[in-house]
Amino acid sequence: MRKNLLRIANCQLPTVRSWLIRLLPVILFAILLSWWFWLPDPLFHDPTSTVLTDREDRLLGAQIASDQQWRFPENFQVPEKFRKAIITYEDRWFDFHPGINPVALARALKLNIKQGEIVSGGSTISMQVIRLSRKNRPRTYPEKLQEVLLALRLEAGYSKEEILGLYASHAPFGGNVVGLEAASWRYFGVKPNNLSWAEAATLAVLPNSPGLIFPGRNPERLREKRNHLLDLLELYGTIDKQTCDLAKDEVLPGMPLPLPQLAPHLLIRSNREGHKGDKIRTSLDHSLQQSVAEILNRHALHHRANEIYNAAAIVLSVNTGEVLVYVGNIPGNGTGRHGNSVDIIAANRSTGSLLKPFLFAAMLNDGLLLPTTLVPDIPTQMGGFVPENYNRTYDGAVPAKQALARSLNIPAVKMLQSYGYHQFYSLLRNIGMKSLSKPADHYGLAMILGGAESSLWEMTGIYASMARTLNHYLADSSGYSKQDFHPPKYLAPESSGIEPEEIEQHSVRTSEAVFSPPLDASSWFDAGSIWLTFEAMVEVTRPETEMQWQQFSSSSRIAWKTGTSFGNRDAWAIGVTPDYVAGVWVGNATGEGRPGLTGLGMAASILFEIFDVLPADGWFAIPSSTLDSLVVCRYSGYRASSLCEPTDTIFAPERGAETGSCPFHHLVHLDPSGKFQVNSSCISPSVILNQSWFLLPPAQEYYFSRKNPFYRHLPPWLPGCESSSLQSSIGMIYPKNNSHIYIPVELDGTPGAAIFRAAYRDPEGVLFWHLDETYLGSTSRLHQMELTPAQGWHTLTLVSQQGETLTIRFEVMGKGGR
């Protein structure tokens, strides 16, 4: 039986051996495959700091990682000085071994056996990378074997530079500082490429024992290690003796330095927009960012005396739309009471007068207005809406471009009433004002005076789009397509997907580092309308604040606009040149208004200081192909009629020829002395003098004549002649016909009185007032009367000494109303 079993076993043995031989390659392949996929990908899963740099990779700020470590994102570009220092100190044969150094391992094993415990690991930099990725597990022989195998695998899949980059990015440098880049900034305040030999050597010795030796702790031991490394660098010929001696004289760093915080609000914004834990290279300019922040901080010292605690500024490149400066707010006092953490650039605030240039350009573009056209500027009430000019005065009528330059409110409302606020609302949405979240009727006519909200981000983007259209009009002389506007952008191309070749191909500016290709012209206005708008915005005529204006100056010609919200809550200033758009906001993030908080008084001075630190700029070329010469009435600014004299020739958009002719020049018949109006019923036609006369409606004439000495009132009628006046001599200023009014209530609760005002062409004439056929009295020179009519509809009649009559109807809605 036993012999049979042995015979069977001996027969089967070659079969088993053959089977094992065939299976061995499979087993080896499986082992090799397991070894290959054993290495995690990615190797590290630690959270990283969000790091913000400028266009030239200069640090603007960083936010600590979620595990409270200063650990910058991985960077495989290790500076040469640190590379030589760390290899000399940690792994001199790094460039030659396959991941392990057998000699070092044997030496470490011998030492450990001699000491009876593990005191040396013989680890290469590759093995240390593995150990760091495995979170420094306890030192055991099985763990060391795994590190050896994984280090070999690491070398098989990564280049030497990548391995060194992983080590430099994840090595501990003491405290909560991890990685070379974070250590370089925290200990020396410079980027790794700018480290000296002494600084590079200091950092190279830290990962070996970061818990015992780091800046601010055990300085003598740290100095000893650093100098020893410097001696080794000299010994191996990396540096000469003089460099070594000078490096040893450099002082050691003290406690960790705070990181720069030049753009903290943009850092938070980039986190919110999906870049948390990334290194974000922005389009910002470090020097400009610092200069503008200093300007804001300097002005903040004065603003705080008036309890104004917040300010923000942004600067864009017109041609590329890149953000060059982003100061979202000024630093607070640490209490958090004044909202200094709020990013004002992205916050929607009442726009004040910032939308007026868009309306002006739109009406020019559509042939509804000429720059010189007179626009009414008289007391106005539209239902419960009573707009007023900031200076509480009236010009009667004012050229549209002057109304824009002086930021007059009543002419702007009159223009919007003519253009239509529904149409203007659609235009604003199309040109990029996406903050309009409610229907047009919610804003109404008040949207032109700050009834709508927007942000510095949106407003500067729209102004930049307009300027870009002017810059590109020659390249697109065939016409303009109505595209969406281009919003600002703060990411450099490597963060936004633009290829370097494309950047090089499109970068045409030489005065600054342009990262993005120029944007296409994108505008709902033609170039001619924009140019005329910017020309009006350059005007320095500000009669009500002339002394204040004179303090502003700049080396560049700037089209600029200020805005002040109702209740003095927001002060804006935006300026435009061919290359730059700058926007400034001053106020309180809490919304509290303050006396004197105006765009002109607070924001404009900052704006002009910002332009003073920007490179000198030229001015927009005249887009002559989109402008026509047009003859206009010098007095009315309308297209000249046959009666207009004198006349002027102006530039106007192509559709300017569609505007109406002058409605204010009339043919007046005078007696031979020229002192009286006459007609053929009282004097022979052969002696009548026919003369062209510039004549405004009574209400406009009342205010216009006081500010314009050239204005001539119509002569009186010759006694005995029958009046056939071209226009009524009586005009109602307040209230208008068919209007609805409220009677105010005094502080003590008693009914107040409404002041009714009229205008009369005859400066010496008398008007007789009647309310509901009841005689009230008469007025001369100043035609106004305090009345307290009861609730309901009423009829007011004014009669002149010559019998001319003006009748209006109005409704009193109640007392104590709006």
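Placed above this text is the structure.
In this report, we go over the structure that sits alongside the text. (Residues numbered from 1 in each chain as written. Predicted model: local features only at pLDDT ≥ 70, side-chain atom pairs only at ≥ 80, totals over all residues. Heavy atoms only, no water.)

1. Focus on the pairing of strand 14 (residues 580-587)
Moving on, step 1. Taken across its eight residues, strand 14 has eight buried, putting it largely inside the fold.
Moving on, step 2. What you see with strand 14 is no split at all: Tyr580, Ala582, Val584 and Val586 on one side and Val581, Gly583, Trp585 and Gly587 on the other are buried throughout.
Moving on, step 3. The pairing of strand 6 (residues 310-317) with strand 14 spans eight bridges and is classified as antiparallel. Following the sheet pairing, Leu316 is matched in strand 14 by Val581.
Moving on, step 4. In this sheet, strand 14 lies alongside strand 13 (residues 570-576) in antiparallel orientation, the contact comprising seven bridges. By the bridge assignment for strand 14, Val576 is matched with Val581. (Buried < 20%, exposed > 50% of the residue type's maximum accessible area, 1.4 Å probe, protein only. Helix = DSSP H or I, 4+ residues; strand = E, 2+ residues; numbered from the N terminus. Pairing = 2+ DSSP bridges.)

2. Observations concerning the state of the cysteines
Moving on, step 1. Tallied over the full model, the rule gives one disulfide.
Moving on, step 2. Disulfide pairing places Cys682 opposite Cys721 at an S-S distance of 1.4 Å. Taking the torsion about the sulfur-sulfur bond, which here is approximately 75°, the covalent link between Cys682 and Cys721 counts as right-handed. With Cys682 in the loop between strand 17 (665-670) and strand 18 (689-694) and Cys721 in the loop between helix 24 (698-707) and strand 19 (730-734), the pair connects residues that are 39 residues apart, well separated along the chain.
Moving on, step 3. Sulfur of Cys633: no disulfide; nearest cysteine sulfur belongs to Cys644 and is 3.7 Å away. (Disulfide = S-S within 2.5 Å.)

3. Observations regarding the pairing of strand 21 (residues 754-760)
Moving on, step 1. Within strand 21, five of the seven residues are buried, which leaves the element mostly enclosed by the surrounding structure.
Moving on, step 2. Where strand 19 lies against strand 21, four bridges are found, and the strand directions are antiparallel. The residue bridging Ile730 from the neighbouring strand is Tyr760, located in strand 21.

4. Remarks on unusual backbone geometry
Residues apart from glycine generally show negative phi values, whereas peptide bonds are mostly found in trans.
Moving on, step 1. Cis rather than trans, the peptide bond between Glu645 and Pro646 has omega equal to 0°.
Moving on, step 2. With respect to the helices, strands and loops of the structure, Pro646 is situated in the loop between strand 15 (627-633) and strand 16 (647-653).
Moving on, step 3. Put simply, Tyr734 and Pro735 share a cis peptide bond, and its omega is -5°.
Moving on, step 4. Of note in the backbone geometry, Ser407 takes a positive phi value of approximately 55° without being a glycine.

5. So, the pattern of salt bridges
Moving on, step 1. Under the definition given, this model contains 29 salt bridges.
Moving on, step 2. Salt-bridge contacts for Lys84 lead to Glu80; the nearest nitrogen and oxygen are separated by 3.3 Å. Here Glu80 and Lys84 lie together in helix 2 (residues 80-90), a separation of four residues that amounts to about one turn.
Moving on, step 3. Residue class for Lys84 comes out partly exposed when judged on its relative accessible area of 34%.
Moving on, step 4. Residue classification places Glu80 among the partly exposed positions, given a relative accessible area of 45%.
Moving on, step 5. A network of salt bridges, in which partner residues are shared, links Asp57, Glu181, Lys191 and Lys279. (Salt bridge = Lys/Arg side-chain N within 4 Å of Asp/Glu carboxyl O.)

6. Details of the nonpolar core
Moving on, step 1. Grouped together as the largest cluster of nonpolar side chains are 79 residues, with contacts concentrated most on Phe358, Phe424, Leu428, Ile448, Phe525 and Phe534.
Moving on, step 2. Here this core gets nine residues from one element, more than from any other, and that element is helix 18 (residues 456-472).
Moving on, step 3. Sequence-distant contacts of Leu428, that is, excluding residues within four places in its chain, are made with Leu355, Phe358, Met433, Leu436 and Met447.
Moving on, step 4. In this structure, Ile87, Leu164, Leu252 and Leu259 belong to the second largest nonpolar core, which totals 56 residues. (Core = buried A, V, L, I, M, F, W, Y, C linked by side-chain atoms within 4.5 Å. Contact = heavy atoms within 4.5 Å.)

7. Focus: the sheet that holds strand 19
Moving on, step 1. Reading across from one edge, 19-21-24 is the order of the three strands in this open sheet, with antiparallel pairing throughout. Looking at the sheet topology across the chains shown, the edges are occupied by strand 19 and strand 24 (784-787). With direction set aside, neighbouring strand axes in the sheet form an average angle of 25°.
Moving on, step 2. Packing of helix 24 onto the sheet brings it into contact with strand 19 and strand 21, and relative to strand 19 it is tilted by some 80°. (Axes fitted to C-alpha atoms, helices over the stretch in contact; angles between N-to-C directions.)

8. Regarding the packing of helix 13 (residues 356-365) against helix 15 (residues 409-419)
Moving on, step 1. Between helix 13 and helix 15, the shortest axis-to-axis distance is 11 Å and the interhelical angle comes to 45°. Between helix 13 and helix 15, the angle falls in the class oblique. Crossing hand, helix 13 versus helix 15: left-handed. Facing Lys356, Leu359, Phe360, Ala362 and Met363 of helix 13, the residues of helix 15 in contact are Asn409, Ala412, Met415, Leu416, Ser418 and Tyr419. (Parallel < 35°, antiparallel > 145°, perpendicular 65-115°, else oblique. Left-handed = near helix turned anticlockwise from the far one by under 90°.)

9. Here's the deal with the sheet that holds strand 2 (residues 59-63)
Moving on, step 1. Judged by pairing direction, the sheet is mixed, and its three strands sit side by side in the order 2-1-5 without closing on themselves. Edge positions in the sheet fall to strand 2 and strand 5 (279-281), since each has one partner strand and no second. Pairwise comparison of adjacent strand axes, ignoring direction, gives a mean angle of 15° for this sheet.
Moving on, step 2. The sheet contact formed by strand 1 (residues 50-53) and strand 2 spans four bridges and is antiparallel. Following the sheet pairing, Thr50 is matched in strand 2 by Gln63.
Moving on, step 3. This element, helix 11 (residues 264-275), spans strand 1, strand 2 and strand 5 of the sheet and lies at about 120° to strand 1.

10. Some remarks on the environment of Trp619
Moving on, step 1. Relative to the assigned elements, Trp619 resides in the loop between helix 23 (599-613) and strand 15.
Moving on, step 2. Exposure remark for Trp619: the relative accessible area of 22% places this residue in the partly exposed category.
Moving on, step 3. Linking Trp619 and Pro578, residues 41 residues apart in sequence, is a C-alpha distance of 6.1 Å.
Moving on, step 4. Each residue touching Trp619, except ones within four places of it in the same chain, is listed here: Trp531, Phe534, Glu535, Val538, Arg557, Ile558, Ala559, Val576 and Pro578.
Moving on, step 5. Within polar-contact distance, the side chain of Trp619 engages the side chain of Glu535 at 2.8 Å. (Polar contact = N/O pair within 3.5 Å; in protein donor to acceptor, adjacent residues only side chain to side chain.)

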